[in-house]
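# A closer look at the structure
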Amino acid sequence: TTLKTALKTLSSNRTSSLPTTKDPIDPSFCMSLYTPGEEGLINPTHISIRRQVLEIRRTQSGKVYFQCGCCAHLPRGERAKYSTIAPQSLKNLYHAFIRFMMYHVPACDHIPQGIKELQPPSVTKDVKACGIKKYWRANAFAKGLRDSDNGRGIIYEPS
């Protein structure tokens, strides 16, 4: 099984349908996964994407999803695939990000070319070399992201 096939089978890393007409975006909420000082702790390409591309958004009911900030202004049907991702838990955040990197980043015409060129060739071949999963979970938790009580997504609950 190839990495792409394996990642496609992970239902927890699906393309998100959030926000919806019944649960619209909370326009006052937008965060970044980037934390100053994480250089040397995770892959430099991931740091650039976390800082300059991927936004943490939430719906009015509090469900958290991650969205490409470079193409978020476009209607959903005009964005490249996987522009919005909603991992089922913090444990799945890293894998969802890898999917975003593999499928959305190369296809999105709105991500600056300089950022796309940072993507190392090994990203699609060796997930183990692309970051530290525990750091990703701890960083998200420190920013107030929590697994929902029903186990169906991530919510924002600042301490």
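Structure first, text after, so check above.
Not measured: the values here are computed from a predicted model.

The rules behind each value
Residues numbered from 1 in each chain as written. Predicted model: local features only at pLDDT ≥ 70, side-chain atom pairs only at ≥ 80, totals over all residues. Heavy atoms only, no water. Helix = DSSP H or I, 4+ residues; strand = E, 2+ residues; numbered from the N terminus. Buried < 20%, exposed > 50% of the residue type's maximum accessible area, 1.4 Å probe, protein only. Salt bridge = Lys/Arg side-chain N within 4 Å of Asp/Glu carboxyl O. Contact = heavy atoms within 4.5 Å.

### A short note on the environment of M102
- Within the element layout of this structure, M102 appears in helix α3 (residues 93–107).
- Judged by relative accessible area, M102 falls into the buried class, the value being 6%.
- Once the C-alpha coordinates of M102 and Y82 are considered, the two residues, 20 residues apart in sequence, prove to be 9.4 Å apart.

### Some words on the pattern of salt bridges
- Tallied over the full model, the rule gives four salt bridges.
- Here R51 and E39 are joined by a salt bridge, their closest N and O atoms 3.4 Å apart. Of this pair, R51 sits in helix α2 (residues 44–52) while E39 is found in the loop between α1 (3–8) and α2, placing the two residues 12 residues apart along the sequence.
- In this structure R51 comes out as partly exposed when scored by relative accessible area, which is 41%.
- The class of E39 is partly exposed, set by a relative accessible area of 42%.
- As a salt-bridge pair, E55 and R57 come within 3.4 Å of each other at their nearest N and O atoms.
- Judged by relative accessible area, R57 falls into the buried class, the value being 13%.

### A short note on the side chain of E38
- Topologically, E38 is positioned in the loop between α1 and α2.
- On the basis of relative accessible area, E38 is assigned to the buried category, the value being 1%.
- Filtering out sequence-adjacent residues up to four positions away, E38 remains in contact with L33, I47, R50, Y135 and N139.

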